[in-house]
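What follows is each chain in one-letter form.
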Amino acid sequence: MPCSSSLKSTLTCALLLTLVSPMAAQASTALAVEHGCYSCHGLYLRDEAPNFEHTSSRLAKYKGDAVAEQKFVESFRTGQMFGHIDAHERLSAEAAKALIHWLVEGAR
Ligand code: HEC
């Protein structure tokens, strides 16, 4: 347990979680960089990887449709949709969700 039971550290911990969680939930370019997405989807595209601008405009159709977006996240992460790409399948459910949401919202 990262949060121990003493009152002082519980408060500190709660404060830290409050500060950190919104950032973790909100994907950004930094998250994509951190996960190495740009090594294939970046300026120099690798294999058949589309650039994120293109992907983002394709995924814009999921805007406001959380159910369809989540379905896309699942097939993306389990490799059903685009063959088996390690970088996609290694993502946690949470990271995949955040990244796809970021793309749906325009990848900014
Ligand atoms: C090893 C290279 C590689 C890495 C790293 C990689 N991808 Fe991909 N990605 C691909 C390829 C290749 C495709 C296209 C596969 C196809 O069309 O069959 C693809 C397709 C996609 C698609 C679907 C695109 C579309 O327009 O339909 C999304 C979304 C995506 N990748 C997101 C990501 C994210 C987010 C990351 C970072 C976690 C990432 N990829 C990392 C190679 C990669």
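For the structure, check the block above.
Residues numbered from 1 in each chain as written. Predicted model: local features only at pLDDT ≥ 70, side-chain atom pairs only at ≥ 80, totals over all residues.

Time to look at the overall build of the protein chain. In terms of helices and strands, the protein chain carries seven helices and zero strands. Starting at the N terminus and ending at the C terminus, the protein chain contains elements arranged as α-α-α-α-α-α-α. The 108 residues of the protein chain split such that 17% are buried. For the protein chain, the proportion of contacts with a sequence separation of at least 24, taken over those separated by at least 6, is 54%. (Helix = DSSP H or I, 4+ residues; strand = E, 2+ residues; numbered from the N terminus. Buried ≥ 20, exposed ≤ 12 C-beta atoms within 10 Å, placed from the backbone. Contact = placed C-beta atoms within 7 Å.)

Our focus in this paragraph is unusual backbone geometry. The phi dihedral of D47 falls on the positive side, at around 50°, and the residue is not glycine. Its location among the elements puts D47 in the loop between helix 3 (38-41) and helix 4 (52-59). Of the residues examined, D47 has 7 C-beta atoms within 10 Å and is grouped as exposed. The phi angle at A107 is positive, at roughly 55°, despite the residue not being glycine. Structurally, A107 can be placed in the segment after helix 7 (93-104).

Around the ligand, 24 residues are found, and the nearest of them are C37, C40, T55, F82 and A87. Residue assignment for the shell around the ligand shows that the elements contributing at least two residues are helix 3, helix 4, helix 6 (86-89) and helix 7. Tallied by class, the residues present in the shell around the ligand amount to 12 nonpolar, eight polar and four charged. (Near = placed C-beta within 6 Å. Nonpolar A, V, L, I, M, F, W, Y, C, P; charged D, E, K, R; others polar.)

Look at helix 7: 16 Å from first C-alpha to last across 12 residues, which is about the 16 Å you get at 1.5 Å a residue. Listed in full, the buried residues belonging to helix 7 are A96, K97, A98, L99, I100, W102, L103 and V104. Directly beyond the C-terminal end of helix 7, a positive phi value near 110° is found at G106. (Expected span 1.5 Å × (residues − 1).)

Core analysis: the largest hydrophobic core is formed by 15 residues, its most contacted members being L99, I100, W102 and L103. Going through the elements one at a time, helix 5 (66-77) and helix 7 are the ones with two or more residues in this core. In terms of residue count, helix 7 provides more of this core than any other element does, seven residues in total. Setting aside residues no more than four positions away along its own chain, L103 makes contact with F52, T55, S56 and L59. (Core = buried A, V, L, I, M, F, W, Y, C linked by C-beta atoms within 7 Å.)

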